[in-house]
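# Residue-level structural notes
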Amino acid sequence: MSKVTIDNVTDVVVATLGQNGAITERQREIMTAAIRHLHGFCKDVNLTHAEFIDACMFLARAGAVCSDKRQEFILLGDILGVEVLCDMLTNPVTGSESTVLGPFYRENPPVLPHGASTAQKHFDGEETVFMEGYIKDTSGRPLAGVTLDIWEDAPNGLYENHDHDQPDYNLRGRFETDENGYFALRALRPVPYPIPADETAGELLRYMGHHPNRPGHLHFIVAKHGYRTLVSQVYDSSSAFLDNDSVFAVKDSLVGNFQKGKPEHGTDLYLRFDFTLKPEAAVSALAAE
Ligand code: BEZ
Ligand code: FE
């Protein structure tokens, strides 16, 4: 091995890739760029050894916080804008825009009938909303049998799995479109909330001088076999933090207009929002270009 210097250390490390075991071209591409960017970053800021150790201790604390209820590394990636960037790189915009999944999704939410409410508990000051819309493909054909998972925070700003006082799966549900691609559900107006900032996510936000707040939003996963699964959110156009989201996930096309409720629905608010799904084959073809 060559003697390591400041000038050659990057090339020396890159040259070890695949030397002691086969690696794929993708592994080589990722690790070459990761090593070059990481070394470049250390040189740009003249990272000291003490700062390197601080960073290691920070990552160790982040790891210790992770559990099946908290994924600290997704939060850190969100605060740095990395999740939203990877999502945009993965999902070219041809149908509805996607955005970050975030750490609060729970699989297998309750399957609810057309028009049912996801709310299992009432909160002072809550505003109920009737939401309806159509799900189509990119040629405008209605899609039947699409599943639509929805989840949101409660009016106290907490997701149910972070709040002992909410019933299991409160404000979560799975709906399905009918033969016209139509869905309808009842939920609550989502309120702005701070992402968990008590542990390393908070340390990072403070180091960056940024706040933890997100604008009010409903989360969705819209899925049908043969189509690219859409992970997205719909934002309340009147919410605080719409222009200053702590995780950079707001897109203009995802801002919804919560209007006054219609008497026939018996809710405080009404929201119409349609989604468009892209055939998987078309997305894969785009990505290959
Ligand atoms: C969320 O909207 O649930 C979320 C997204 C990114 C980080 C934290 C929370
Ligand atoms: Fe959220």
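Residues numbered from 1 in each chain as written. Chains lettered and ligands numbered in written order. Predicted model: local features only at pLDDT ≥ 70, side-chain atom pairs only at ≥ 80, totals over all residues. Heavy atoms only, no water.

Helix and strand counts for the protein chain stand at 7 helices and 12 strands. Dimensions of the protein chain, computed from the C-alpha atoms along their principal axes, are close to 80 × 45 × 30 Å. When the 289 residues of the protein chain are sorted by exposure, 42% land in the buried category. Considering only contacts within the protein chain whose residues lie at least 6 apart along the sequence, 71% involve residues at least 24 apart. (Helix = DSSP H or I, 4+ residues; strand = E, 2+ residues; numbered from the N terminus. Buried < 20%, exposed > 50% of the residue type's maximum accessible area, 1.4 Å probe, protein only. Contact = heavy atoms within 4.5 Å.)

On to the sheet that holds strand β9 (residues 255-256). The strand order across the open sheet built from 5 strands is β3-β2-β7-β8-β9, with neighbouring strands paired in mixed fashion. Each edge of the sheet is formed by a strand with only one pairing partner; in this case those strands are β3 (172-176) and β9. Alignment of strand β8 (residues 230-236) against β9, held across 2 bridges, turns out to be parallel. Note on β9: the bridge partner recorded for D236 is G256. (Pairing = 2+ DSSP bridges.)

Here we take up the site of ligand 1. What surrounds ligand 1 is a group of 13 residues, the closest being D78, Y193, R214, H217 and H219. Between ligand 1 and the protein, one listed contact pairs an oxygen atom with a side-chain N or O atom of H219 at 3.0 Å. Coverage of ligand 1 by the protein chains reaches 100% of its 260 Å² of free accessible surface. Among the elements of the structure, α4 (72-79) and β7 (217-223) are those that each provide at least two residues to the shell around ligand 1. Tallied by class, residues from the shell around ligand 1 come to 8 nonpolar, 3 polar and 2 charged. (Near = heavy atom within 4 Å. Polar contact = N/O pair within 3.5 Å; in protein donor to acceptor, adjacent residues only side chain to side chain. Areas by Shrake-Rupley, 256 points an atom, 1.4 Å probe, with all protein chains shown as cover. Nonpolar A, V, L, I, M, F, W, Y, C, P; charged D, E, K, R; others polar.)

In this section: the packing of aromatic side chains. The tally for this structure, following the rule as stated, stands at 9 aromatic pairs. Relative to Y270, the ring of F130 has its centre 6.5 Å away and its plane inclined at 15°; by these criteria the two rings are stacked. Here Y270 lies in strand β11 (residues 269-272) and F130 lies in strand β1 (residues 128-137), a separation of 140 residues in the sequence. Their ring planes at 85° and their centres at 5.2 Å tell us that Y159 and Y193 sit as a pair that is edge-to-face. You can see Y159 sitting in the loop between β2 (147-151) and β3 and its partner Y193 sitting in strand β5 (residues 193-194), a full 34 residues away along the chain. With respect to class, Y159 is no different from Y193; both count as buried. One aromatic cluster in this structure is built from F183, F220, F273 and F275. When the ring centre of Y270 is taken as reference, the NZ or CZ atom of K262 above it lies at 4.2 Å. (Phe/Tyr/Trp six-rings, centres within 6.5 Å; stacked < 30°, edge-to-face > 60°. Lys NZ or Arg CZ within 6 Å of the ring centre and 35° of its normal.)

All right, on to the coordination of the iron ion (ligand 2) then. Around the iron ion (ligand 2), the donor atoms from the protein are Y159 (OH), Y193 (OH), H217 (NE2) and H219 (NE2), and they sit 1.9 to 2.2 Å away. Around the iron ion (ligand 2) sit 6 donor atoms, and with donor-metal-donor angles ranging over 55 to 162° the site reads as irregular. In terms of primary sequence, the donors binding the iron ion (ligand 2) are separated according to Y-x33-Y-x23-H-x1-H. Exposure remark for H217: the relative accessible area of 0% places this residue in the buried category. When its relative accessible area of 3% is taken as the criterion, H219 is described as buried. (Donors = N, O, S within 2.8 Å, 3.2 Å for Na, K, Ca; no water. Tetrahedral: all angles 85-135°; square planar, octahedral: opposite > 155°, others 65-115°.)

Judged by nonpolar contacts, the single largest core of 24 residues is most densely connected at M131, L148, F220, V222 and F275. The set of elements that each furnish at least two residues to this core consists of β1, β2, β4 (182-188), β7, β8, β11 and β12 (275-277). Those residues in contact with M131 that sit more than four places away from it in its chain are F183, A184, L185, L218, F220, L271, F273 and F275. (Core = buried A, V, L, I, M, F, W, Y, C linked by side-chain atoms within 4.5 Å.)

Among the surface-exposed residues, L38, F41, V45, L47, F52, I53 and M57 lie close enough to one another that they form a single nonpolar patch of about 630 Å² accessible area. Broken down by secondary-structure element, the contributors of at least two residues to the nonpolar patch are α2 (25-45) and α3 (49-65). Structurally, the position occupied by F52 is in helix α3. Residue F52 is classed as partly exposed on the basis of its relative accessible area of 42%. (Patch = residues over 30% accessible without salt bridge, like charges linked within 9 Å, V, L, I, M, F, W, Y side chains within 5 Å. Salt bridge = Lys/Arg side-chain N within 4 Å of Asp/Glu carboxyl O.)

Taken domain by domain, the protein chain holds domain 1 (9-47) and domain 2 (72-288). A separation of 37 Å is found between the C-alpha centroids of domain 1 and domain 2. (Domains from an automatic or database assignment.)

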